Amino acid sequence: MTVYFIGAGPGAADLITVRGLKLIQESPVCLYAGSLVPEEIVKAAPEGARVIDTAPMHLDEIMEEIKAAHAKGQDVARVHSGDPCLYGAIAEQIRRLKELDIPFNVTPGVSAYAGMAAELESELTLAGVSQSIVLTRTAVRASSMPEGETLENFAKTGATLAIHLSINNLAKVIKELKPHYGEDCPVVVGYRVTWPDQQFVHGTLADIRDKVKPLGITRTALILVGRVLSQDNFADSHLYHADHTHVLRPAADGSID
């Protein structure tokens, strides 16, 4: 018996990995985060499987379901949205599983920021513009931020920012980023990225809040900030430059950089 933590991807049912889907198809128990995991994905569970939406459940209740499956020798597909390593709350479940000596495994998934970049047809790391992506969030009632992990500190790097779980703090986000990125810095807010009803709001730090507020977006949104979002004037990467040689593409004389 094994508990399989599975990243279901950002929303589109066909963005789950082949491995993740296969595990769901083979597991007699499927526990999934119903608010964010597409129903089509959990419908892949085998006929007669115990399929439970864990959105209204607390940790102890979830663990009771896992312990019951363990007692019966039944594998569990524990399905999370996006990639479970990002804000997936799997660490606390894994800690309990270790205490109970219940085997587990983690299958990664497509994260929301990757899904959003794909939908925007954007590369988030452009040569000479930004070579780093910061995945972060702001403090809310449920989760504080460790000392030093502030938007101001991250902004000093000029990196592309993917700000999760913070749409209700948009005014604070703008206030803290403006001094470092400038009012004209591009911002895109993605709502329910890759779902059929996805929305993208394009703007700058100067006007994005005015554009988002009338739409009533209060959850399931990702904020991307950075110059890469509206850059046409950037250098080609060195990787594919004709003069760049390496072990798989040596120079005519056989030498490499």
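Residues numbered from 1 in each chain as written. Predicted model: local features only at pLDDT ≥ 70, side-chain atom pairs only at ≥ 80, totals over all residues. Heavy atoms only, no water.

**Points about the overall build of the protein**
Applicable threshold: Runs of H or I in DSSP of at least four residues are treated as helices and runs of E of at least two as strands, each being numbered from the N terminus. The buried label goes to any residue with under 20% of its type's maximum accessible area, the exposed label to any with over 50%, and the partly exposed label to all in between, with areas taken from a 1.4 Å probe on protein chains only. For this analysis, residues touch if any pair of their heavy atoms sits within 4.5 Å. Surface accessibility in these figures is a Shrake-Rupley result with a 1.4 Å probe; residues are shielded only by whichever protein chains are displayed.
Summing up its helical and strand segments, the protein has 8 helices and 10 strands in all. Its C-alpha atoms put the protein at 60 × 60 × 35 Å along the principal axes. The 257 residues of the protein split such that 41% are buried. Pairs at least 24 apart in sequence give 67% of the contacts found in the protein among residues at least 6 apart. As presented, the protein carries roughly 13900 Å² of accessible surface, and 49% of it is formed by carbon and sulfur atoms.

**Observations concerning helix H7 (residues 170–181)**
Our working definition: Take the residue count of a helix, subtract one, and multiply by 1.5 Å to get its expected span.
In a regular helix each residue adds 1.5 Å, so 12 residues correspond to 16 Å; H7 covers 15 Å between its end C-alpha atoms and thus fits that length. Those residues of H7 that sit buried are Leu170, Val173, Ile174, Glu176, Leu177 and Tyr181. Where H7 is buried, its residues touch helix H6 (151–155), strand E7 (160–164), helix H8 (208–212) and strand E10 (221–225). Taken from the residues just after H7, glycine 182 is the one with a positive phi, measuring 85°.

**Considerations on the sheet that holds strand E8 (residues 186–191)**
Which entries qualify depends on this criterion: Pairing between strands requires that DSSP locate at least two bridges from one strand to the other. Lines fitted to C-alpha atoms define the axes, with helix axes restricted to the stretch in contact, and inter-axis angles between N-to-C directions lie between 0 and 180 degrees.
Spatially, the 5 strands line up as an open sheet ordered E6-E7-E10-E8-E9, and their pairing is mixed. Two strands lie at the open edges of the sheet, namely strand E6 (133–137) and strand E9 (199–204), each paired on one side alone. Across this sheet, the average inter-strand angle for adjacent strands is 20°, counted without regard to direction. As paired strands, E6 and E7 are joined by 5 bridges and run parallel to one another. Residue leucine 135 lies in a different strand from E7, and its bridge partner there is alanine 162. Running over the sheet, helix H5 (residues 112–119) touches E6, E7, E8, E9 and E10 and is turned about 65° from E10. H7 rests against E7 and E10 of the sheet, and its axis sits at about 170° to E7.

**Focus on the side chain of threonine 136**
Summarising the element assignment, threonine 136 is placed in strand E6. Residue contacts for threonine 136: discarding those within four places in its chain leaves Tyr87, Met145, Leu151, Phe154, Ala162, Ile163 and His164.

**Some points on the state of the cysteines**
In plain terms, the rule: Here, the term disulfide refers to a pair of cysteine sulfur atoms separated by no more than 2.5 Å.
Applying the stated criterion across every chain, the model contains 0 disulfides. Of all cysteine sulfurs, the one in cysteine 30 lies closest to cysteine 85, which takes part in no disulfide; the gap is 20 Å. The exposure class of cysteine 85 is exposed, given its relative accessible area of 60%.

**Thoughts on the environment of glutamine 25**
Turning to its location among the elements, glutamine 25 is positioned in helix H1 (residues 18–26). For glutamine 25, a relative accessible area of 40% translates into the label partly exposed.

**Observations concerning the domain arrangement of the protein**
The parts lose accessible area when they come together, and the size of an interface is often stated as this lost area. Filter applied, for reference: A domain assignment, automatic or from a database, supplies the domain bounds used here. Buried area adds together the accessible area that both of two parts lose upon being put together, with accessible area traced by a 1.4 Å probe. By convention in these notes, a salt bridge is any Lys or Arg side-chain nitrogen within 4 Å of a carboxyl oxygen on Asp or Glu. Here a polar contact means two N or O atoms within 3.5 Å. Within protein one must be a hydrogen donor candidate and the other an acceptor candidate, and residues neighboring in sequence count only if both atoms are side-chain atoms. Amino acids outside the nonpolar list (Ala, Val, Leu, Ile, Met, Phe, Trp, Tyr, Cys, Pro) and the charged list (Asp, Glu, Lys, Arg) are all regarded as polar, and Gly is one of them.
Its domain assignment divides the protein into domain 1 (3–107) and domain 2 (112–229). Between domain 1 and domain 2, the C-alpha centre-to-centre distance is 28 Å. Contacts between domain 1 and domain 2 engage 10 residues on the former and 13 residues on the latter. Interface of domain 1 and domain 2: buried area, both sides summed, is about 870 Å²; carbon and sulfur atoms make up 68% of it. In terms of surface lost to domain 2, no three residues of domain 1 exceed Pro10, Leu86 and Tyr87, which account for 58% of the buried area on that side. Summed over the shared surface of domain 1 and domain 2, the result is 0 salt bridges. Counting every contact that joins domain 1 to domain 2 gives 4 residue pairs in polar contact (both at pLDDT 80 or more). Here the side of domain 1 that touches domain 2 is built from residues that sort into 8 nonpolar, 2 polar and no charged.

**Remarks on the layout of surface pockets**
Threshold: Grid points spaced at 1 Å over the protein atoms alone were grouped into cavities, where a 1.4 Å probe fits but cannot get out, and pockets, open sets with protein on both sides within 12 Å along at least five of seven lines, with lining residues defined by an atom within 4 Å of a point. Grid points are joined across faces, edges and corners, and a volume is the space filled by probe spheres set on the points.
Taken as a whole, the largest pocket encloses approximately 1500 Å³ of empty space. Lining the largest pocket are 47 residues, and of these Leu36, Ser81, Tyr87, Gly88 and Leu165 lie nearest its centre. Among the secondary structure elements, those contributing two or more residues to the lining of the largest pocket are helix H3 (59–71), strand E4 (76–80), helix H4 (90–100) and E10. Counting residues per element, the lining of the largest pocket draws most heavily on H4, which supplies 4 residues.

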